[in-house]
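Residues per chain are reported as follows:
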Amino acid sequence: MSAHMPKEAALKIDKVLNEFGRSPLHGTALADPKSLKANPEIVLAMALDALIKARPISHELTQKTIRKLIEASYHDIDVLSNTSWQDRTMVLQEGGYNRYREQGATNLGELAKLVVEQYDGDLNNLHKKADGKIQKAKILLKDIRGMGDLAVEVFLNNVQSVWPSIAPTLDSRSLKTAAEMGIGTDLDQIYNVLEQDPMRMSWFTNGLSEVRLEKRQDVIENL
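Computed from a prediction, not measured in an experiment: that's the story for all the values here.

**Q** So what about the packing of helix 2 (residues 40-53) against helix 3 (residues 59-71)? Which residues, and what values?
**A** In the contact formed by helix 2 and helix 3, the axes pass within 10 Å of each other and the chain directions differ by 145 degrees. Seen along the crossing, helix 2 lies across helix 3 with a hand that is right-handed. Across from A45, L48, D49, I52 and K53 in helix 2, the residues of helix 3 making contact are T62, Q63, T65, I66, L69 and I70.

**Q** Run through helix 3, naming residues and quoting values.
**A** Helix length check: helix 3 (13 residues) gives 18 Å between terminal C-alpha atoms against 18 Å at 1.5 Å per residue, within 8%. On its buried side, helix 3 packs onto helix 2, helix 5 (85-94) and helix 6 (101-119). Backbone geometry just after helix 3 places S73 at a positive phi near 60 degrees.

**Q** Now, about the pattern of salt bridges: what can you tell me, with residues and values included?
**A** Per the stated rule, a full pass over the model turns up seven salt bridges. Here K136 and D131 are joined by a salt bridge, their closest N and O atoms 2.9 Å apart. When its relative accessible area of 40% is taken as the criterion, K136 is described as partly exposed. On the accessibility criterion, D131 (49% relative accessible area) is partly exposed. Here K142 makes a salt bridge to D149, at a shortest N to O gap of 2.6 Å. Residue K142 is classed as partly exposed on the basis of its relative accessible area, which comes to 41%. Exposure remark for D149: the relative accessible area of 52% places this residue in the exposed category.

**Q** Explain the packing of helix 10 (residues 172-180) against helix 12 (residues 198-214) to me, using residue names and the numbers behind them.
**A** Helices that pack against each other are described as a pair by the angle of their axes relative to one another and the distance between those axes. Between helix 10 and helix 12, the shortest axis-to-axis distance is 9 Å and the interhelical angle comes to 75 degrees. When the interaxial angle is binned, helix 10 and helix 12 end up roughly perpendicular. Facing helix 10, whose interface residues are R173, S174, T177 and A178, helix 12 presents T205, L208, S209, V211 and R212. Broken down by class, the residue content of the contact of helix 10 with helix 12 amounts to three nonpolar, four polar and two charged.

**Q** Describe in detail the confidence of the model for the protein chain, supporting the description with residues and values.
**A** Detail in the predicted coordinates should be disregarded across regions flagged by low pLDDT. Across the protein chain, pLDDT averages 93, with 97% of residues at or above 70. Within the protein chain, the lowest mean pLDDT, 74, falls on helix 13 (residues 217-221), and the highest, 98, falls on helix 4 (residues 77-81).

**Q** Describe in detail unusual backbone geometry, supporting the description with residues and values.
**A** Residue P168 is bonded to the preceding A167 through a cis peptide linkage, with omega at 0 degrees. Structurally, P168 can be placed in the loop between helix 9 (149-159) and helix 10. The phi dihedral of D131 is positive, around 55 degrees, even though this residue is not glycine. The residue D131 is located in the loop between helix 7 (124-129) and helix 8 (134-141) in this model.

**Q** Please set out the environment of L111 residue by residue, giving values where relevant.
**A** Note that L111 resides in helix 6. Placed 32 residues apart in sequence, L111 and D143 show a C-alpha to C-alpha distance of 9.3 Å. Those residues in contact with L111, other than ones at most four positions away along the chain, are L44, A47, L48, L51, L80 and I144.

**Q** Please give an account of the packing of aromatic side chains that cites residues and values.
**A** Under the criterion given, the structure shown has two aromatic pairs. Each ring, one from Y97 and one from Y100, has its centre 6.2 Å from the other, and the planes form 50 degrees; the classification is tilted. Like Y97, the residue Y100 is buried in the burial classification. Relative to W163, the ring of F155 has its centre 5.7 Å away and its plane inclined at 80 degrees; by these criteria the two rings are edge-to-face.

**Q** Account for the side chain of T28, naming residues and giving values.
**A** Here T28 is to be found in the loop between helix 1 (7-20) and helix 2. Ignoring any residue separated from it by four or fewer positions in sequence, one finds T28 in contact with I66, R67 and I70.

**Q** Can you tell me about the nonpolar core, naming the residues and giving the values?
**A** Residues L69, L111, F155 and V159 are the most contacted members of the largest nonpolar core, which totals 48 residues. Elements with a minimum of two residues in this core: helix 2, helix 3, helix 4, helix 5, helix 6, helix 8 and helix 9. Per element, the largest residue contribution to this core is 10 residues, and it comes from helix 2. Here L69 is in contact with L48, I52, Y74, V91, L92 and L108, once residues within four sequence places are set aside. Counting 19 residues, the second largest nonpolar core, distinct from the first, contains I13, A178, L208 and I220.

Definitions and limits used
Residues numbered from 1 in each chain as written. Predicted model: local features only at pLDDT ≥ 70, side-chain atom pairs only at ≥ 80, totals over all residues. Heavy atoms only, no water. Axes fitted to C-alpha atoms, helices over the stretch in contact; angles between N-to-C directions. Helix = DSSP H or I, 4+ residues; strand = E, 2+ residues; numbered from the N terminus. Left-handed = near helix turned anticlockwise from the far one by under 90°. Contact = heavy atoms within 4.5 Å. Expected span 1.5 Å × (residues − 1). Salt bridge = Lys/Arg side-chain N within 4 Å of Asp/Glu carboxyl O. Buried < 20%, exposed > 50% of the residue type's maximum accessible area, 1.4 Å probe, protein only. Parallel < 35°, antiparallel > 145°, perpendicular 65-115°, else oblique. Nonpolar A, V, L, I, M, F, W, Y, C, P; charged D, E, K, R; others polar. pLDDT = per-residue confidence, 0-100. Phe/Tyr/Trp six-rings, centres within 6.5 Å; stacked < 30°, edge-to-face > 60°. Core = buried A, V, L, I, M, F, W, Y, C linked by side-chain atoms within 4.5 Å.

Below you can see the structure in the form of structure tokens.
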């Protein structure tokens, strides 16, 4: 059992959550916490989100691209499976995802194929195959073309909100940010402060990403 977290660190967690916390799929039509369920569309949307955000392009362009993919209903496996490479390229281009659009279009096609052939059209079956274990899930996720370490971390940050068995998890960049701001790196302590709520943990991880991207660490450090 982890030691009790210092009050100052707990206050910083609350501040990150309340001021910078973001819903999984923030900025899209799927971001409403009430609609965030472990259904095939939500989990596939989180995989799309992870694949896009793993590339070194601006936060604004990744957000715009995710919105375009969701607007095109690419989180519906039937829709995604029936798109052509040219279709996917055009949607990515509309999102401003120009530098990686050709590779991205190929990866999206491979994702659809894998989800249909290995998981019967539903990535929740990956969770079942992994027995709900995070380390097994990480290995299986690497079978998705373009899903490297960073993409896996981004996906897990979000999907823990609907796959509670893998919470708490926090990507390595955000863990470093937490350490720098005096929150520390003990996930169990952090999770306890967040009342062991997987949705709150997901909002918190996205909040740390927001702090890092906006370079707002000083707001938290100077509590």
